[in-house]
There are 2 protein chains.
Amino acid sequence: MALIVHKYGGTSMGSTDRIKNVAARVAKWHDAGHQIVVVPSAMSGETNRLIGLAKAIMDQPDPRELDMIASTGEQVSVGLLAMALLAIGKDAVSYTGWQVGIRTDSSFTKARIQSIDDSRVRSDLEAGKIVIITGFQGVDEQGNISTLGRGGSDTSAVAIAAALKADECLIYTDVDGVYTTDPRVVDEARRLEKITFEEMLELASLGSKVLQTRSVEFAGNYQVPTRVLSSLTDPLMPLAEEANSGTLISFEEETNMEQAVISGIAFHRDEAKITVLGVPDKPGVAFHILGPVSDANIEVDMIIQNQSVDGKTDFTFTVSRGDYQRALAVLESQKDVLGYTRVVGDAKVSKVSAVGVGMRSHVGVASQMFRTLADENINIMMISTSEIKISVLIDEKYMELAVRALHKAFDLEKA
Amino acid sequence: MALIVHKYGGTSMGSTDRIKNVAARVAKWHDAGHQIVVVPSAMSGETNRLIGLAKAIMDQPDPRELDMIASTGEQVSVGLLAMALLAIGKDAVSYTGWQVGIRTDSSFTKARIQSIDDSRVRSDLEAGKIVIITGFQGVDEQGNISTLGRGGSDTSAVAIAAALKADECLIYTDVDGVYTTDPRVVDEARRLEKITFEEMLELASLGSKVLQTRSVEFAGNYQVPTRVLSSLTDPLMPLAEEANSGTLISFEEETNMEQAVISGIAFHRDEAKITVLGVPDKPGVAFHILGPVSDANIEVDMIIQNQSVDGKTDFTFTVSRGDYQRALAVLESQKDVLGYTRVVGDAKVSKVSAVGVGMRSHVGVASQMFRTLADENINIMMISTSEIKISVLIDEKYMELAVRALHKAFDLEKA
């Protein structure tokens, strides 16, 4: 007997019939003798509907009141799922975040979980009940409802699994696992059976949007074995088969068994590059350029500062393509303060990354990556590296070619 | 400066534009220096949508889980109304029932309020905030969400007004007050400026469905001055005019000033009459006949037991027309136990009532009522009386005629 947390996304909860399917799947796990906690998202479309109502009233909805409203989608889901289980004869009970003491800070719309009181859930589980808890939300010290931001139900599920010291957290979603790269770009993309938290973090933040980044951090920090698997399979498929499907996000030691130097090729198509030319090279130049950009709530990714020549330097950084025009406007407004010559940019660039904990112990990964791109005549505009990742910025039109070439160069199609 | 509770129904909250109208009206009262608490219903249609989802999953939805779901409609409303006030520069904050300690029993879907902790609301009011609280719901001792049943937001508003010792509870609705009878039946029907709680109770339960019956009981028990008024007027109409519009439900002493013997003619069209003939007249006959009917969840209204002849009696009672066939079936199934000769019934009968505290101190109200009906050749099938009400059961086809004749006979068209 194990204690297992299931998380189901909005698509899986998208209609009353789909909710009945979720109930059948959950019941199968409970019938096998496991203790089950379920964290469902709001029905697909519901959170957007609620936010739409709020925006029709207030252009910039008040965050506390928005959380009051947005949290109701999950509350409806837990009640419906509990009913679907009761309707097939299982003992089930639903709770909101505040009912099981999911305490967060007061950063409404992007709150962080601080603690969970597991006593009520534990006693229900011991009484044989299936416990269903709202994702995405908690309550702050003053008793205000808070939400964790988009995708927050993943984080809720992992946090609840951590608090309960669950044996595994199963994230049911509309993909069947984490792939070596996007199968729509590379036919030979292969599902990974295991991946480390660190690799998953790089893959998630680089565009493989399977899991909310924060949930992966949480799983890593609290060492919660987390599995991403498909909710589109037959709910009554054999449990042993289902339990080994998808991709297990786990600890490095175990995952090393796969022996691959790198685990996957991630990419982010919609990047933009901005270069500030002829900036006087004095202390604080990076802060003075990026401070106003950051104040405008624009996220900066890669950053390069050139060697200075004659007391002047060039400063290059990337932003999401959607923020490109705004970033240019911010720099324009700071021209007098920054004293630069001019600003040039390119909004048709993409980032491609090779990710893998294996590169820690293998030399030559970077050079193999660069040679592969050179062989395809792809020019590299920027490079950034971390312990388990090498990213390059290239012309958007070569992105698919680069991903396919790298996928092949690192033998990722082979198990 | 007064402390005033406003309640708005689902129609008033039916769209984001209407919610902005509510905000404008509330702001007007707050601008005049009053402390304002607002209790809005769910947006019209929302509660039905939620119950529909529940029923698609479970024919007889589990009551606790149904309350978990149904309570979200009001939660969305309070958040939206708070935003609408914030958007026009008013300081406002929304709370769910559990956030302000609206404690109920655990009778899910029909819970009763036991206590309200007013401390949080009071401190917000003293800080100048407009406080918005979900209607229709509370929380039981175990922290489960409960709802008060259909129309429960009226009760919430009155209960909150009682807990805060508010100066008045204003129930904004889509009618502009309580009338001497239904204006669709009698052209001369007149809006009452005042009515007692007891009269309102009789009028509400007899079909003038302006307020949930329980809210009127609550207002009476806790002596909360409660006013029913229109939400369809211009939100910016002069406050002094608005404050005196509608109908004030108040204490007898004040209302006697209107001097009318009776206050209104209520009616209930869809009644049915059932007579059990030849029942052996022994102790407990009423219980043995009505017990099984009540067990089938059928509400019985008027009851008459004839003088017995030769140890046998006839027993007549009325039910809502919708329950007529079921009631007959119940009696049929009990034929052997009850030992009656046969059952006859009439599903085309209506009840007409004259209501007024004035009849306590005036003799001859009943005889005037009977003479009026006799003058119109309307046969009376059953009569029941209380301290402030006389009801007669008549053939459905004479109902409008009876209401019009009685309205005129008691001079109700005159102020």
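Residues numbered from 1 in each chain as written. Chains lettered and ligands numbered in written order. Predicted model: local features only at pLDDT ≥ 70, side-chain atom pairs only at ≥ 80, totals over all residues.

Asks: Tell me about the overall build of chain A, and please be specific about residues and values.
Replies: Within chain A, the regular secondary structure consists of 15 helices and 18 strands. The C-alpha radius of gyration computed for chain A amounts to 24 Å, which stays within 12% of the reference 22 Å derived for 415 residues, consistent with globular compactness. In chain A, once contacts between residues fewer than 6 apart in sequence are set aside, the share between residues at least 24 apart is 75%. (Helix = DSSP H or I, 4+ residues; strand = E, 2+ residues; numbered from the N terminus. Rg over C-alpha atoms; globule rule 2.2 N^0.38 Å. Contact = placed C-beta atoms within 7 Å.)

Asks: Which residues make up the domain arrangement of chain A, and what values go with them?
Replies: Residue and element names in this part refer to chain A. Per the domain assignment, the segments making up chain A are domain 1 (3-256) and domain 2 (264-409). For domain 1 and domain 2, the distance between their C-alpha centroids amounts to 34 Å. Each partner contributes to the interface: domain 1 provides 17 residues, whereas domain 2 provides 15 residues. For the side of domain 1 that touches domain 2, the element with the highest residue contribution is helix α7 (residues 197-205), accounting for four residues. Tallied by class, the residues present in the side of domain 1 that touches domain 2 amount to seven nonpolar, five polar and five charged. (Domains from an automatic or database assignment. Nonpolar A, V, L, I, M, F, W, Y, C, P; charged D, E, K, R; others polar.)

Asks: Describe the environment of Thr385(B), with residues and values.
Replies: Residues and elements named next belong to chain B. Relative to the elements of secondary structure, Thr385 occurs in strand β17 (residues 380-386). Each C-alpha atom of the pair Thr385 and Ala354 lies 9.7 Å from the other, and the pair is 31 residues apart in sequence. If sequence neighbours within four positions are ignored, Thr385 has contacts with Ala366 and Ile390.

Asks: Lay out the sheet that holds strand β2 (residues 35-40) of chain A with the relevant residues and their values.
Replies: All names here are of chain A. With mixed pairing, eight strands are arranged side by side in an open sheet as β3-β6-β2-β1-β9-β11-β12-β10. Single-partner strands in this sheet number two, and they are β3 (92-95) and β10 (194-196). Here the average twist between neighbouring strands, direction ignored, is 20°. Both strand β1 (residues 3-8) and β2 contribute to a ladder of six bridges, which runs parallel. The partner of Val5 across the bridge, within β2, is Val37. (Pairing = 2+ DSSP bridges. Axes fitted to C-alpha atoms, helices over the stretch in contact; angles between N-to-C directions.)

Asks: An account of the interface of chain B and chain A is needed here, citing residue identities and associated values.
Replies: Each side of the interface is counted separately: chain B has 28 residues, and chain A has 28 residues. Among the elements of the structure, α1 (16-31), α2 (46-57), α3 (63-70) and α4 (72-87) of chain B are those that each provide at least two residues to the side of chain B that touches chain A. Counting residues per element, the side of chain B that touches chain A draws most heavily on α4(B), which supplies 11 residues. Among the residues making up the side of chain B that touches chain A, the classes are represented as 18 nonpolar, seven polar and three charged.

Asks: Before we move on, could you go through the relation of the copies chain B and chain A and cite the residues and values that matter?
Replies: With an axial shift of 0.0 Å and an RMSD of 0.2 Å, the rotation relating chain B to chain A amounts to 180°. The relationship between the two copies is best expressed as a two-fold rotation axis. Closest to the rotation axis within chain B is the C-alpha of Thr72(B), separated from it by 2.7 Å. (Least-squares fit on C-alpha atoms with pLDDT ≥ 70 in both.)

Asks: A description of the pairing of β2(A) should follow, citing residues and the corresponding values.
Replies: Residues and elements named next belong to chain A. Within β2, six of the six residues are buried, which leaves the element mostly enclosed by the surrounding structure. Along β2, one buried face is formed by Gln35, Val37 and Val39 and the opposite face, lined by Ile36, Val38 and Pro40, is buried too. The parallel pair β1 and β2, bridged by helix α1 (residues 16-31), forms a crossover whose chirality is right-handed. Two elements, β2 and strand β6 (residues 130-133), share two bridges in a ladder whose sense is parallel. Residue pairing in the sheet places Val37 in a bridge with Val131 of β6. (Buried ≥ 20, exposed ≤ 12 C-beta atoms within 10 Å, placed from the backbone. Right-handed = clockwise from strand over helix to strand, strands pointing away.)

Asks: Which residues make up the nonpolar core, and what values go with them?
Replies: In this structure, Leu81(A), Ile160(A), Leu81(B) and Ile160(B) are the most contacted members of the largest nonpolar core, which totals 243 residues. Aside from chain neighbours lying at most four places away, what touches Ile160(B) is Val5(B), Val37(B), Val39(B), Ile116(B) and Ile133(B). If you look at the next biggest cluster of nonpolar residues, it comprises five residues, including Val276(B), Ile289(B), Phe315(B) and Tyr340(B). (Core = buried A, V, L, I, M, F, W, Y, C linked by C-beta atoms within 7 Å.)

Asks: Let's hear about unusual backbone geometry: which residues, and what values?
Replies: A negative phi angle is the norm for most residues apart from glycine, just as the trans form is the norm for most peptide bonds. All names here are of chain A. Non-glycine residue Lys165 carries a positive phi angle of around 50°. Here Lys165 shows up in the loop between α6 (152-163) and β9 (168-173). Looking at Lys165, the number of C-beta atoms within 10 Å reads 11, which means it is exposed.

Asks: Give a description of the sheet that holds strand β14 (residues 300-305) of chain A that names residues and reports values.
Replies: All names here are of chain A. Across the sheet, six strands lie side by side as β14-β15-β13-β16-β18-β17; this open sheet has antiparallel pairing. Looking at the sheet topology across the chains shown, the edges are occupied by β14 and β17 (382-386). Adjacent strand axes in the sheet meet at a mean angle of 30°, parallel and antiparallel pairs treated alike. Judged from the eight bridges that link them, strand β13 (residues 264-280) and strand β15 (residues 312-320) form a sheet pairing that is antiparallel.

Asks: Requested: an account of the packing of helix α14 (residues 365-375) of chain A against helix α15 (residues 399-409) of chain A, with residues and values cited.
Replies: Residues and elements named next belong to chain A. Two elements in contact, α14 and α15, have axes separated by 10 Å at closest approach and are oriented at 130°. With respect to α15, the element α14 is oriented oblique. Crossing of α14 over α15 shows right-handed handedness. Of the residues in α15, those touching α14 at Gln368, Met369, Thr372 and Leu373 are Ala402, Ala405, Leu406 and Ala409. (Parallel < 35°, antiparallel > 145°, perpendicular 65-115°, else oblique. Left-handed = near helix turned anticlockwise from the far one by under 90°.)

Asks: So what about the packing of helix α6 (residues 152-163) of chain B against helix α8 (residues 213-221) of chain B? Which residues, and what values?
Replies: Residues and elements named next belong to chain B. Packing of α6 against α8 brings their axes to within 8 Å, and their N-to-C directions diverge by 15°. Taken together, the axes of α6 and α8 lie roughly parallel to each other. α6 and α8 meet at a crossing whose hand is left-handed. Residues Asp154, Thr155, Val158, Ala159 and Ala162 of α6 form the contact with α8, whose participating residues are Arg214, Ser215, Phe218 and Ala219. Within the contact of α6 with α8, the residues separate by chemical class into five nonpolar, two polar and two charged.

Asks: Which residues make up the confidence of the model for chain A, and what values go with them?
Replies: Confidence along chain A averages 91 in pLDDT terms, with 96% of residues attaining 70 or more. Predicted complex metrics record ipTM = 0.81 and pTM = 0.83. (pLDDT = per-residue confidence, 0-100.)

Asks: Describe the environment of Arg360(A), and please don't skip the residues or the numbers.
Replies: Residue and element names in this part refer to chain A. Examined against the element boundaries, Arg360 turns out to sit in the loop between β16 (342-355) and α14. For Arg360, a count of 12 C-beta atoms within 10 Å translates into the label exposed. Along the chain, Arg360 and Ser230 lie 130 residues apart, while their C-alpha atoms are 31 Å from each other. In contact with Arg360, not counting residues within four places along its chain, are Glu387 and Ile388.

Asks: Pulling in residues and values, what's your account of helix α12 (residues 324-333) of chain A?
Replies: Residue and element names in this part refer to chain A. Looking only at α12, the buried set comprises Tyr324, Ala327 and Val330. Looking straight down α12, one finds its buried side chains confined to an arc of 125°; they lie on one side. Exposed positions of α12 whose direction lies more than 90 degrees from the buried face are Gln325, Ala329, Glu332 and Ser333. (Arc of directions from axis to C-beta.)

Asks: Mind laying out the environment of Met399(A), listing which residues take part and the relevant values?
Replies: All names here are of chain A. Mapped onto the fold, Met399 is located in helix α15. On the basis of neighbour count, Met399 is assigned to the buried category, with 20 C-beta atoms found within 10 Å. Distance in space between the C-alpha atoms of Met399 and Arg269 is 7.3 Å, their sequence separation being 130 residues. Beyond its immediate stretch of four places on either side in the chain, Met399 contacts Phe267, Arg269, Ser350, Val352 and Ile394.

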